[in-house]
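Residue-level structure breakdown
Read off the chains here:
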Amino acid sequence: MSAGEQNHLLPYARREDFHVGRATELSGRARFFYRCLEILPGLASWSTLIGVVLLSVYAPFVAAYFVIAFALYWVLKTAFLSYHLRYNWKRLRHHMSLDWQPMIERFPYQDFYHVVILPFYKEPAEVIEASLAALSRVRYDAKKIIVVLAGEGRAGEHAAEIGATMRERYGSHFGHFVTTVHPGDLPGEMAGKGSNASYAAERVRVEVLDPQGIKYNQTIVSIFDIDTVLYPDYFNCLIWHYHTAENPLKSSFQPVPIFNNNIWEAPAISRVVAMSSTFWEMVQQERPERMATFSSHSVSFQALYEVGYWQKNMVSEDSRIFWNLLMANDGKYNVIPLSYPVSMDANAAPRLWQTIGQIYKQHRRWTYGVENLCYILYHFTRNKNIPRKQRITVALQQAEGYWSLVTNPIMLFILGWAPIFLGGQEFHQTVLSYNLPIVVRDLLILAMFGLVISSVISLTLIPPRPDHRSRFEYLVMALQWIMVPATMIIFSAIPGLDAQTRLMFGKYMGFWVTPKVALKQK
Amino acid sequence: MKPIVEPLAYWRRKVIFITLLLAFLFSLPAFMFYATGYRYDIFSGSPTITATGGLYIAAEALDSSIYVNEVEVTNARVFRNASYIQGLEPGLQRVHVQAPGLHTWVKNLSVYRHIVTEAEAFNLPLVPQVRLVTEYRTQSDEAVFMISSTTEDLILPISSSSIPYIISTSTATSTYRLSTEYALLYDLFEVKASTTKRALKVPAVPFSFSTTTKAEEIEQATTTVVRNNVALYQLGEEVYAKALGTGRQIPHYFCTSQVEIKSTLGDELGEVLEVEKGELFFEDTLNELSNNTRECRTDIRIDRRGQEVFEFTFLPENANLVLLHLEDGIYVVEIDDRSWQNMQPLYQSTDIEMLVYGGSVFVREDGLIFEVLTEIAS
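Each helix and strand counted, chain A has 19 helices and 8 strands in total. Taken over the C-alpha trace, chain A has a radius of gyration of 24 Å; the compact-globule value for 522 residues is 24 Å, and the two agree within 12%. Dimensions of chain A along its principal axes, counting C-alpha atoms only, are 80 × 65 × 45 Å. When each of the 522 residues of chain A is scored for burial, the buried share is 51%. Taking the contacts inside chain A whose residues are at least 6 apart along the sequence as the reference set, 84% of them involve residues at least 24 apart.

Within a sheet, neighbouring strands are paired by backbone hydrogen bonds and run either parallel or antiparallel to one another. Residues and elements named next belong to chain B. Taken together, 4 strands build an open sheet; the order of strands is E24-E25-E26-E27 and the sheet is antiparallel. Bordering the open sheet on either side are strand E24 (311–314) and strand E27 (343–347), each of which pairs with just one other strand. Across the sheet, the axes of successive neighbouring strands diverge by a mean angle of 25°, strand direction being ignored. Examined bridge by bridge, strand E25 (residues 321–326) and strand E26 (residues 329–334) share 6 bridges and lie antiparallel to one another. Residue Leu-326 lies in a different strand from E26, and its bridge partner there is Gly-329.

Attention now moves to the interface of chain B and chain A. Each side of the interface is counted separately: chain B has 37 residues, and chain A has 32 residues. If you list the elements that add at least two residues to the side of chain B that touches chain A, you get helix H1 (10–36), strand E3 (53–59), strand E7 (82–88) and helix H7 (282–290) of chain B. Here the side of chain B that touches chain A takes 12 residues from H1(B), the largest share from any one element. Among the residues making up the side of chain B that touches chain A, the classes are represented as 21 nonpolar, 13 polar and 3 charged.

Let us now look at the sheet that holds strand E7 (residues 297–300) of chain A. Residues and elements named next belong to chain A. In spatial order, the strands read E3-E2-E1-E4-E7-E6-E8-E5; together these 8 strands make up an open sheet with mixed pairing. At either end of the open sheet lies a strand with only one pairing partner, and these are strand E3 (176–182) and strand E5 (229–230). In terms of strand pairing, strand E1 (residues 113–119) meets strand E4 (residues 219–223) through 5 bridges, oriented parallel. In the sheet register, His-114 faces E4, and the bridge partner there is Ile-220. Against the sheet, helix H5 (residues 157–170) engages strand E2 (145–152) and E3, with an angle of about 160° to E2.

Here we take up helix H3 (residues 180–195) of chain B. With 16 residues, H3(B) should reach 22 Å at 1.5 Å per residue; the first-to-last C-alpha distance of 23 Å fits that figure. When you tally the buried positions in H3(B), you get 1 out of 16 residues, a small fraction of the element.

This part is about the confidence of the model for chain B. All names here are of chain B. With 74% of its residues at a pLDDT of 70 or more, chain B shows a mean pLDDT of 78. In the predicted structure, residues 198–215 sits below a pLDDT of 50 and forms 23 contacts with residues beyond four places in sequence or in another chain. Here residues 260–281 scores under 50 on pLDDT; set against residues more than four positions off or in separate chains, the count is 25 contacts. Here the predicted complex carries an ipTM of 0.86, next to a pTM of 0.82.

Once that is clear, we can look at the nonpolar core. Counting residues in hydrophobic clusters, the biggest one holds 212 residues, and the most contacted among them are A:Ile68, A:Ala71, A:Val116, A:Ile117, A:Val148 and B:Val322. The leading source of residues in this core is helix H2 (residues 60–97) of chain A, at 15 residues. Excluding its chain neighbours within four sequence positions, the residues that come into contact with A:Val148 are A:Val115, A:Val116, A:Ile117, A:Leu118, A:Val178, A:Thr180, A:Ala200 and A:Val204.

All right, on to helix H19 (residues 484–504) of chain A then. Taking 1.5 Å of rise per residue, the 21 residues of H19(A) would be expected to cover 30 Å, and the 28 Å separating its terminal C-alpha atoms lies within 8% of that figure. Note on H19(A): the residue one or two positions beyond its end, A:Gly506, has a positive phi of about 70°.

This next bit is on the environment of A:Ala346. Residue and element names in this part refer to chain A. Take Ala-346: it is sitting in the loop between strand E8 (334–343) and helix H11 (352–367). Residue classification places Ala-346 among the buried residues on the basis of 27 C-beta atoms within 10 Å. Along the sequence, Ala-346 and Pro-419 sit 73 residues apart, while their C-alpha atoms lie 38 Å from each other. Setting aside anything within four residues of it in sequence, one finds Ala-346 in contact with Phe-259, Asn-260, Asn-262, Ile-263, Ala-266, Ser-270, Arg-271 and Ala-274.

Rules of the game
- Residues numbered from 1 in each chain as written.
- Chains lettered and ligands numbered in written order.
- Predicted model: local features only at pLDDT ≥ 70, side-chain atom pairs only at ≥ 80, totals over all residues.
- Helix = DSSP H or I, 4+ residues; strand = E, 2+ residues; numbered from the N terminus.
- Rg over C-alpha atoms; globule rule 2.2 N^0.38 Å.
- Buried ≥ 20, exposed ≤ 12 C-beta atoms within 10 Å, placed from the backbone.
- Contact = placed C-beta atoms within 7 Å.
- Pairing = 2+ DSSP bridges.
- Axes fitted to C-alpha atoms, helices over the stretch in contact; angles between N-to-C directions.
- Nonpolar A, V, L, I, M, F, W, Y, C, P; charged D, E, K, R; others polar.
- Expected span 1.5 Å × (residues − 1).
- pLDDT = per-residue confidence, 0-100.
- Core = buried A, V, L, I, M, F, W, Y, C linked by C-beta atoms within 7 Å.

So, in structure tokens, the structure goes:
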């Protein structure tokens, strides 16, 4: 990219390594440093897990006390997170009950345009149509909405056909309806949502914003997964938060993704995993200083333009765009939680084993977001304009997050028993050895009360029961939370460890597209 | 106009965080002390912290009750057949395990602070439980018992069987088929009778605790039975159990932990733990437990009540209990010799033959073959 083409970028975003995706894209010492950072998360996680095993063998008493301390920490952490969850649930319900339209009257929102980017790959027409239909029903001036249906060239004729069909059905409803097909063979790009979305954003800039004279700082881009179904007041809520934000051009806006579109058709394991992801986002909504953007989110076009849109060479572009913006703005960038939902599909396939496989792969992709930690640590050593305290705090928070994601469930539910089996006869005959499983069990039962809260909240977030579903299923939905210890290990810790190990050995992952199918009603 | 429900205030989050952090810091020592065996008696006149120990009692019998010093223990079952009793003050504890219709198992066990004393209780039926293995069976596989006045008198008073069989007074056997089980057991008894001597008259060797393995002892033994790294052998008139393995392979009753020795010998541990009078130091406890090592002996003599041992072996599927065929019957004796060795009769009679085959104990008496059951037949 020439210097002239880079003029719109913020100074830090003009660095050659600003959009670094992996160590192999760098050279010299920077490459070595970045490679070390890629090794770090996996090394830390494996060291912890192996360390607990070794401790159990060579110092079982210390290991036993560590396990008790860890179980107690887990109980209190559960209480802490449950409090945040419950609070956000209250706020979410309040926001859903509000009539946002009168609330935005005092703002000059009529000057604003919303670009809605819907990247898709091979998803069936009914999934795309459901999203567009919901978009057409929002309580907002549709003429201020620019829909970009962003197909992927790798999908063949499918993208163009879907684009044409949807344009015919919905083209006249919105201010603009743009269809794009992202070429599959552009140099320096990885196949994935980021490259497709960036291509679409640039096309809409060239084809709509510039010709129409629409200001970038009055354009809010919302990027949604193709299965996203909007609630009616999404844009009103977004506009309210945008105009009340301290610095809206330096902020991203994060709704709560609720994976409940197909919740009545999805199997229990899929529901638990999906709702757990929702709950995690709800918890994060109450501690925004730890937030990064995730999945569907909104951001001003100007902010995007200043960093060259989403990264095209990596997997977790939805979070990376926030880190790009944070670095380019010297740390003066934040995420504003909307506490307003968007509905998406729970990951489910026609067969249970397919569902389990899909969930595993999806979570491995999500947890591959650990590549962002390398990016953060790398640029924190480069961009000294970001306050040191902020760099240290953010680095520790993110590192702890990725470390605990992988290690905590395994330590708690598997390695917690290691001292008993590996501790030797001398340990085995002690009261401590006999009391360890009892104390840990009792603490975990205490922690299960957090699941009761989850169970109650989840029941309030599901769509109305279809006529063909039995009332008995409410009971199943309440009891399904007993699976959480297993799902935490199978769909959180193990895929996370898988992702970190791949990164550690330089086996970089590509973008795996979660299949979105319309499940048949049972 | 703005939403009423504001985002969670930072100060509020901080207060909750600090509260939970304090809860963690204050409750963690309590959990650690509790798990190590310390108990705080708030209701006593002068509340004190006591270092306690525990008992782990395995009891196969269903519906068995455990009593420690005559007090029934409840809510202590950790598995279907095992109970963990904690919070016991150090010292000698008398443990009863009893169940309706079964012999009571009684043992005095020493409890040491921070240590769990393990024991395996066994409770054989008060009335021997037998299954008659008949020579003939019906076409529908029911046992047929050819009755005579003498055999009926023999079985009924001393034993109980819930296995149904048909009593036949007829000697006509054409409608029945020969039982293959009977034929096999009959052959086995015959082979055994022709190859074994009933009594071994070898000069007795005085009993002593041995701390080293003497391979020649086993070599001298006429018969050796090995199971799970424990060998049973006979020297003279005595039967011994020898631990063959190392480390965890050695059953707990062969060993004494260092902590046990110190507690028993005189409060060396107390000196380590109590730096000042009445003050217990957690770190010292940890060090003490970490340095805890076991001292094991290798041989335990099996109690034979002064009778001649005709035969000995392990009780099927068990390496802690010995089956002894003595002069007045068949007994089960535990190897564990802390306090006394519990001995319970399995089948009492003087002129019998014993056979252990396929995980079962069989007896031949007056030409009849019985399977002797170790639990009450359902």
